[in-house]
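What follows is the residue order along each chain.
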Amino acid sequence: MFDTLSEKFSDAFKNLQGKGKISESNIEAALKEVRTALLEADVNFKVVKEFIAGVKEEALGEKVIKGVNPEEQFIKIVHDQLAAIMGQENQEVDLDRPGPIPVLIVGLNGQGKTTFSGKLSLHLKNKKKKDVLLVPADTFRPAAKDQLITLAKSMDMDWFDSDLSMHPKDIALAGIKAAKEQHKDVVIIDTAGRLHVDDELMGQLREVKEEIKDLNPEVLMVADAMTGQEAVNVAKIFHEAMGLTGIVLSKMDSDARGGAALSIRHVTGVPIKYISTGEKMKDLELFHPDRLAGRILDMGDVVSLVEKAEEAIDQNEAENMMKRLEKGKFTVEDFMKQMDMIKNLGSMSSILKMIPGMGGALREVGDLSPAEDDMKRMRVIIDSMTKQERQDYKLIKESRIKRIASGSGSTIKAVEDFIAKFRQMEKMMGGMMQMMKGGMGGMPGMPGMPGMPGQNPGFRQEPGSGKKPKKGKKKGPWGGGFF
Ligand SMILES: Nc1nc2c(ncn2[C@@H]2O[C@H](COP(=O)(O)OP(=O)(O)OP(=O)(O)O)[C@@H](O)[C@H]2O)c(=O)[nH]1
Ligand SMILES: [Mg+2]
């Protein structure tokens, strides 16, 4: 997300290194670079102009604290201005009223409307405990109905069997009626897209909105974040035509430059409510301007990381694992579960970027995909093991190694290497447990993962346990050469 922009910003801030204090002359070069970075990221030029003026005013204003590192001060000012142009606080769809609340999903072709309709239903069901009905109302591309129904079935979500020969406004009405009968809280209506803004589409959508306007619908436009200024222009036209209540930026996982995210709110006045970060139904985040500003500036986003961890990590599983570890048990099965938990959090680089300062470090390391491939290769080897072998890897001798190698399409050496690495991990785990019992508090570098020892009072040193912490075991279980 916004890698190039982050890099350019970080270069710009270097202009202030070693300077005694912020002054008009020494921020000039930094401001110039920030300006270029924003324009290159396809941010609207008016937004850039206001942004730069805002930063300059703050930087030279009275609030600047003399004697504090000017680079840090400048970063903080840029952070706050970035958050401000993106809208300050998160806004979600307004659920605080009697249902069924209609949520109309609009936007151009292929922007991610149908995918988002599915994601939003899952989010509302899981997080907000809302009962949702999904209504396919795309009469332009009939396959879209099947697409939405397939998504609904995969999530065990209720859907409406729309009659696509009807006008979308009548489908919307019928869907809302059904939702009322079924006592649903929310009804999400997925509409058709077109390649370009055209009168027919706008006319149709306006009619739908008109038909249901007394119900005060949420109208969310989905825009592909990769399309930059184009997304901003389209949002403007949609907003003028039908009145949007929110924007969803999709495909934020791809190589989006930042132009849409940084300009759309400021230009249209419509808040960004959600960001879509992948093709899977769980890949949805609330839009938090301050957190995104933090990510852009390599300040990390630990709050989102912890939230993700809370969702992805099964507390009971984590606690059971800790109990087994306490007894000195660490099996391939445990390792597999840990890998799965981590995978649930997202790609390695996306996780690392949420840790303050890691963005810059990642750029130096470059590609993390070899490490991810390594994980995948290990996973195939583990999948070819029997349950018994996963519980006790020591059973894995010659003939079993051969079987696992051929079962996983790996070489014998790869399986042997895995076992050797696992043995090393087992040892480290043992060492780490000793260390924790000795009262070191938690795993170094683990920012307060739920269920992890750093937060678990059960692992505090017991008075008089007498064991001294071992030194030198700073690496996590995977620190021994996989990454
Ligand atoms: N990487 C990525 N892909 C996405 C995201 N959202 C949607 N997609 C993909 O984008 C493509 C189009 O998504 P749809 O949800 O069908 O888009 P749509 O706006 O409903 O398209 P039409 O109904 O044809 O107008 C699909 O292949 C989705 O899997 C996202 O956040 N990230
Ligand atoms: Mg669609």
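Before reading on, note that the structure itself is shown above.
Conventions and cut-offs
- Residues numbered from 1 in each chain as written.
- Chains lettered and ligands numbered in written order.
- Predicted model: local features only at pLDDT ≥ 70, side-chain atom pairs only at ≥ 80, totals over all residues.
- Heavy atoms only, no water.
- Helix = DSSP H or I, 4+ residues; strand = E, 2+ residues; numbered from the N terminus.
- Buried < 20%, exposed > 50% of the residue type's maximum accessible area, 1.4 Å probe, protein only.
- Contact = heavy atoms within 4.5 Å.
- Polar contact = N/O pair within 3.5 Å; in protein donor to acceptor, adjacent residues only side chain to side chain.
- Near = heavy atom within 4 Å.
- Areas by Shrake-Rupley, 256 points an atom, 1.4 Å probe, with all protein chains shown as cover.
- Nonpolar A, V, L, I, M, F, W, Y, C, P; charged D, E, K, R; others polar.
- Salt bridge = Lys/Arg side-chain N within 4 Å of Asp/Glu carboxyl O.
- Expected span 1.5 Å × (residues − 1).
- Arc of directions from axis to C-beta.
- Phe/Tyr/Trp six-rings, centres within 6.5 Å; stacked < 30°, edge-to-face > 60°.
- Pairing = 2+ DSSP bridges.
- Axes fitted to C-alpha atoms, helices over the stretch in contact; angles between N-to-C directions.

As for the overall build of the chain
The number of helices and strands found in the chain is 20 helices and 8 strands. Classification of the 483 residues of the chain by burial places 48% in the buried group. Long-range contacts, defined here as pairs at least 24 residues apart, represent 74% of the contacts in the chain between residues at least 6 apart.

Focus on the environment of Q17
Inspection of the secondary structure puts Q17 in the loop between α1 (3-14) and α2 (24-40). At a separation of 3.5 Å, a polar atom in the side chain of Q17 contacts the side chain of E71.

Thoughts on the site of ligand 1
Neighbouring residues of ligand 1: 19 residues in total, closest K113, T114, T115, D253 and E279. Separating an oxygen atom of ligand 1 from a backbone N or O atom of Q111 is a distance of 3.1 Å. Here an oxygen atom of ligand 1 and a backbone polar atom of S276 are 3.3 Å apart. Computed on the free molecule, ligand 1 has an accessible area of 650 Å², of which 82% lies beneath the protein chains in the complex. If one sorts the elements of the shell around ligand 1 by residue count, helix α5 (residues 113-128) sits on top with 4 residues. Residues that form the shell around ligand 1 fall into these classes: 1 nonpolar, 11 polar and 7 charged.

Section: the pattern of salt bridges
Per the stated rule, a full pass over the model turns up 26 salt bridges. A salt bridge links D131 to K184, with the nearest nitrogen and oxygen atoms 3.2 Å apart. Of this pair, D131 sits in the loop between α5 and β2 (132-137) while K184 sits in the loop between α7 (168-181) and β4 (186-191), and the two are 53 residues apart along the sequence. A relative accessible area of 37% places D131 in the partly exposed class. Notably, a salt bridge pairs D334 with R324, separated by 2.3 Å at the nearest N-O pair. One end of the pair, D334, is in helix α14 (residues 332-345); the other, R324, is in helix α13 (residues 315-326), and 10 residues separate them in sequence. Classification of R324 as partly exposed rests on a relative accessible area of 27%. Through salt bridges with shared partners, a single network forms among D131, D158 and K184.

Some points on α1
Relative to the 16 Å expected for 12 residues at 1.5 Å per residue, α1 spans 17 Å between its end C-alpha atoms, a close match to the ideal helical length. Restricting attention to buried positions, one finds in α1 the residues L5, S6, F9, A12 and F13. Along the long axis of α1, the arc covered by the buried residues comes to 125°, so they all point the same way.

Section: the packing of aromatic side chains
What the rule picks out here adds up to 8 aromatic pairs. Ring plane angle 15° and centroid distance 5.3 Å describe the contact between F330 and F422, whose orientation is recorded as stacked. Here F330 is found in the loop between α13 and α14, whereas its partner F422 is found in helix α20 (residues 412-437), with 92 residues between them in sequence. Chaining the aromatic ring pairs together yields one cluster made of F330, F335, Y393, F418 and F422.

Looking at the sheet that holds strand β7 (residues 272-276)
In spatial order, the strands read β3-β2-β4-β1-β5-β6-β7-β8; together these 8 strands make up an open sheet with mixed pairing. Both outer strands of the open sheet, β3 (158-159) and β8 (284-286), are each paired with one neighbouring strand and no more. Note that strand β5 (residues 218-224) and strand β6 (residues 246-250) share 5 bridges and pair parallel. Along β6, the bridge assignment pairs A223 with L249. Strand contacts of α7: β1 (101-106), β2 and β4, with the helix running at about 165° to β2, the strand carrying the most contacts. Contacting β1, β5 and β6, helix α9 (residues 229-242) runs over the sheet at an angle of about 160° to β5.

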